[in-house]
Amino acid sequence: MDRTDRMLLRLLAERADRSYAELSELVHLSPPAVHERVKRLRRNGVILGTVARLDGSKIGCPLLAFVHVTTEGWGMTKPVLDLQALADVEEIHTVTGDTCLILKVRCSGPASLETLLSRIQEVKGVRATQSYVALGTYLERGPMPETPEPQSPQPRNH
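Owing to the predicted nature of the structure, the values given are computational and were not obtained by experimental measurement.

Comments concerning the overall build of the chain
Turning to step 1, where the next piece is worked out: Across its full length, the chain holds five helices and four strands.
Turning to step 2, where the next piece is worked out: Listing the helices and strands of the chain from first to last along the sequence gives α-α-α-β-α-β-β-α-β.
Turning to step 3, where the next piece is worked out: For 158 residues, the compact-globule formula gives about 15 Å, and the C-alpha radius of gyration of the chain, at 21 Å, lies well above that figure.
Turning to step 4, where the next piece is worked out: Projected onto its principal axes, the C-alpha coordinates of the chain cover approximately 70 × 40 × 30 Å.
Turning to step 5, where the next piece is worked out: When the 158 residues of the chain are sorted by exposure, 30% land in the buried category.
Turning to step 6, where the next piece is worked out: Residue pairs at least 24 apart in sequence account for 64% of intrachain contacts in the chain once pairs closer than 6 positions are excluded.

Brief notes about the pattern of salt bridges
Turning to step 1, where the next piece is worked out: The final tally for this structure, using the stated rule, is 14 salt bridges.
Turning to step 2, where the next piece is worked out: A salt bridge links D2 to R37; its shortest N-O distance comes to 2.9 Å. With a gap of 35 residues between them, D2 in the segment before α1 (3-14) and R37 in helix α3 (residues 31-43) connect regions that are remote in the sequence.
Turning to step 3, where the next piece is worked out: With a shortest N-O distance of 2.9 Å, E140 and R106 are connected by a salt bridge. Here the residue E140 occupies a position in the segment after β4 (126-133), and R106 occupies one in strand β3 (residues 101-107), the gap between them amounting to 34 residues.

Some remarks on helix α5 (residues 110-121)
Three or four residues apart is the spacing at which side chains of an α-helix point the same way, because the helix has 3.6 residues per turn.
Turning to step 1, where the next piece is worked out: Here α5 is twelve residues long and its end C-alpha atoms lie 16 Å apart, about the 16 Å a rise of 1.5 Å per residue gives.
Turning to step 2, where the next piece is worked out: Within α5, the full set of buried residues consists of S112, L113, L116, L117 and I120. Each buried residue of α5 lies within a common arc of 140 degrees when the element is viewed along its axis, so the set occupies one face. Among the exposed residues of α5, those oriented more than 90 degrees off its buried face are A111 and E114.
Turning to step 3, where the next piece is worked out: On the buried face of α5, the contacting elements are β1 (63-71), β2 (89-94), β3 and β4.

As for the state of the cysteines
Turning to step 1, where the next piece is worked out: By the definition in use, this model includes zero disulfides.
Turning to step 2, where the next piece is worked out: Looking at C107, it has no disulfide partner, and the nearest cysteine sulfur is the one in C61, 7.2 Å off.
Turning to step 3, where the next piece is worked out: Looking at C107, the relative accessible area reads 0%, which means it is buried.

Procedures and definitions
Residues numbered from 1 in each chain as written. Predicted model: local features only at pLDDT ≥ 70, side-chain atom pairs only at ≥ 80, totals over all residues. Heavy atoms only, no water. Helix = DSSP H or I, 4+ residues; strand = E, 2+ residues; numbered from the N terminus. Rg over C-alpha atoms; globule rule 2.2 N^0.38 Å. Buried < 20%, exposed > 50% of the residue type's maximum accessible area, 1.4 Å probe, protein only. Contact = heavy atoms within 4.5 Å. Salt bridge = Lys/Arg side-chain N within 4 Å of Asp/Glu carboxyl O. Expected span 1.5 Å × (residues − 1). Arc of directions from axis to C-beta. Disulfide = S-S within 2.5 Å.

What follows is the structure, given as structure tokens:
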């Protein structure tokens, strides 16, 4: 992956709906060359998909919380993985530290979060949950590749 690929990835991560023509102007390549690069990045699994980012409060889910789940043994059992079927669960992560899993959840309000916590606690193997409700979000994004600064030509010694 070269600097141009990283620039394309950064531009697409910022706004995935950019056209190949717009991308080509920004990275100084032809639209067909940009299309081929993006196609290769998809084929190689660097670009996993294109999704719409939704505003939780505008779709009736303004409450964002992180739920730490303590399980018996290692936490990734089938019943725990089945939590991904719940619409309120956005992410499931195994972690190190004093908990086994961290779930990122978005709910309609406190009562909805309480119902979700009850469902999580009913899962076989779940020992406890601890919830952290986000009061505000200042940055929420996926990974962003670093784009190296262009190298200045080195002066030659004659």
